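For reference, the chains in residue letters:
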Amino acid sequence: MLKAVVIGATGATGSELVKQLLQSDSFEKVTVFVRRDYSLIHPKLEVHRVDFDQQELWTDLVVGDIAFSAMGTTLKAAGGKEQQWKIDHDYQLNFAKAAKNQGVPSFVLVSAIGANANSSIFYSRMKGALEQAVLHLNFKKLLIFQPGLLIRPHTDRTAEKTFEGIIRFFNSIGLARKYRPIAVSDLAKKMIEKSLSSDDAVQVITTKELFS
């Protein structure tokens, strides 16, 4: 039986991931680190409400067999590029470093399609920089997921809904396959499946591989 540790548990992907981890017979305990109140209650669930800027107060609690990092925000919600970088890059990297220091052998990171540390696009550069930094920590097993558009239940992001419709149209005529939308429930399922595989290596899972 395994122990999972998770950040990003209040987001669309993270909340679905936690739900599925709790339902899985492979995991006996799921520990989440959150910035605000977390209403979910389950006998296998342990919740730590933390200030991610005060990492010295929580890093020793990052103990388990598999660490899942699904934290993320939008530029609008963050209030600017500097704050988004802190949340999407710094907080997740600090979590990864804590997991490594505490001997967690496997790390699962939700990145994004187009992640590239040398990109001129801020979001892609941020995601690429995080991938490279986590890669250099040399986990025994590292899974980096690069999904395209995420289908979130009950989303109020108009732009996402519009883009999803456009991408689905292009997909229907055989175009833009690498941007194929994926439901967060399906992404979470793949994350767990891959994390339980016997392979000890670095794997980058693209949209194509998510649907294969």
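Please refer to the structure placed before this passage.
Once a new chain begins, its residue numbering starts again from 1 and follows that chain's sequence as written. For this predicted model, a pLDDT threshold of at least 70 governs which residues receive local features, and a threshold of 80 or more governs which side-chain atom pairs are given and counted, while totals over whole chains, interfaces and linings are taken from all residues. Only hydrogens and water are removed before side-chain values are computed, so all heavy atoms of the structure are retained for them.

S.K.: Provide a residue-level description of the nonpolar core, including the pertinent values.
M.R.: Nonpolar core, defined: a set of buried Ala, Val, Leu, Ile, Met, Phe, Trp, Tyr and Cys residues in which side-chain atoms within 4.5 Å join the residues together. A simple rule labels every residue: compare its accessible area, found with a 1.4 Å probe on the protein chains alone, to the largest value its type can have, and call it buried under 20%, exposed over 50%, or partly exposed in between. The biggest cluster of nonpolar side chains holds 29 residues, and the ones touching the most others in it are V6, V18, L21, V32 and F68. For this core, the elements supplying multiple residues, two or more each, are β1 (2-7), α1 (12-23), β2 (27-34), β4 (66-69), β5 (106-110), β6 (141-146) and α6 (184-195). I7, A67, V134 and L142 belong to the second-largest nonpolar core, a separate cluster that totals 25 residues. Only DSSP runs of H or I reaching four residues or more are called helices, and only runs of E reaching two or more are called strands; each is numbered from the N terminus.

S.K.: Describe the packing of helix α3 (residues 81-101) against helix α4 (residues 122-135), with residues and values.
M.R.: Note on method: axes are straight lines fitted to C-alpha atoms, helices fitted across the in-contact stretch only, with angles between N-to-C directions ranging 0 to 180 degrees. Axis separation between α3 and α4 bottoms out at 10 Å; the angle between their running directions is 15°. Relative to α4, α3 is oriented roughly parallel. Seen from above, α3 lies across α4 with right-handed handedness. For the pair α3 and α4, contact is made by K81, Q84, W85, D88, H89, Q92, L93 and A96 and by F122, Y123, R125, M126, K127, A129, L130, A133 and V134, respectively. Residue type decides the class: Asp, Glu, Lys and Arg count as charged, Ala, Val, Leu, Ile, Met, Phe, Trp, Tyr, Cys and Pro as nonpolar, and the leftover types, Gly among them, as polar. A per-class count over the contact of α3 with α4 returns 10 nonpolar, 3 polar and 4 charged. Geometric relationships in this document are graded by angle, where less than 35 degrees denotes roughly parallel, more than 145 denotes roughly antiparallel, 65 to 115 denotes roughly perpendicular, and other angles denote oblique. Put simply, a crossing is left-handed when the front helix is turned counterclockwise from the back one by less than a right angle, and right-handed when it is turned clockwise. Residue contacts follow a heavy-atom distance rule, with two residues in contact if any of their heavy atoms lie within 4.5 Å.

S.K.: Would you mind going over the packing of aromatic side chains in detail, with residue names and values included?
M.R.: Under the pairing criterion, centres of Phe, Tyr and Trp rings, with the six-membered ring standing for Trp, must be within 6.5 Å; the plane angle then separates stacked pairs below 30 degrees from edge-to-face pairs above 60, leaving the rest tilted. By the definition in use, this model includes 7 aromatic pairs. Ring plane angle 50° and centroid distance 6.0 Å describe the contact between F33 and W58, whose orientation is recorded as tilted. Within this pair, whereas F33 is found in strand β2, its partner W58 is found in the loop between β3 (45-49) and β4, the two being separated by 25 residues in sequence. The same class applies to F33 and to W58, which are both buried. Consider the ring centre and the ring normal. A charge sits over the ring if Lys NZ or Arg CZ is within 6 Å of that centre and within 35 degrees of that normal. When the ring centre of F139 is taken as origin, the NZ or CZ atom of K100, which lies over that ring, is 5.7 Å away.

S.K.: Got a sec to walk through the pairing of β2? Specific residues and values, please.
M.R.: Within β2, 6 of the 8 residues are buried, which leaves it mostly tucked inside the rest of the structure. Sheet analysis places β1 next to β2, joined by 6 bridges and oriented parallel. In the strand pairing of β2, V5 is matched with T31. Remark: the β1/α1/β2 crossover connection has right-handed handedness. At least two bridges found by DSSP between two strands are what make those strands a pair. As paired strands, β2 and β3 are joined by 5 bridges and run parallel to one another. Among the inter-strand pairings, T31 is bridged to a residue of β3, identified as E46. Crossovers are marked right-handed if the path from the first strand over the helix to the second runs clockwise, as seen with the strands pointing away from the viewer.

S.K.: Can you break down α6 residue by residue, with the values?
M.R.: Multiplying 1.5 Å by the helix residue count minus one yields the expected span of that helix. A rise of 1.5 Å per residue sets the reference length of α6, with its 12 residues, at 16 Å; its end C-alpha atoms lie 16 Å apart and thus fit the reference within 8%. Among all positions in α6, only V184, L187, A188, M191, I192 and S195 are buried. For α6, the angular spread of buried residues about the axis comes to 135°, placing them on one side. In this context, the arc is that of the directions from the helix axis out to the C-beta atoms.

S.K.: Which residues make up the pairing of β4, and what values do they have?
M.R.: Here β4 shows no split at all, with I66 and F68 on one side and A67 and S69 on the other all buried. Direction of pairing for β1 relative to β4: parallel, over a ladder of 4 bridges. Bridge pairing links V6 to F68 in β4. For β4 and β5, the ladder comprises 4 bridges, and the chain directions are parallel. Among the inter-strand pairings, F68 is bridged to a residue of β5, identified as V108.

S.K.: Describe unusual backbone geometry, with residues and values.
M.R.: Backbone geometry places N138, a non-glycine residue, at a positive phi of 60°. Mapped onto the fold, N138 is located in the loop between α4 and β6.

S.K.: How would you summarise the sheet that holds β2 if you had to cite specific residues and measurements?
M.R.: Pairing is parallel across the open sheet formed by 7 strands, whose spatial order is β3-β2-β1-β4-β5-β6-β9. Across the chains shown, the open sheet's two edge strands, defined by having one partner strand only, are β3 and β9 (202-206). Here the strands of the sheet are splayed against their neighbours by 15° on average, with no regard to which way each runs. Across the sheet, α4 is in contact with β5, β6 and β9; its angle to β5 comes to roughly 175°. Docked against the sheet, α6 engages β2, β4, β5, β6 and β9, running at close to 160° with respect to β6.

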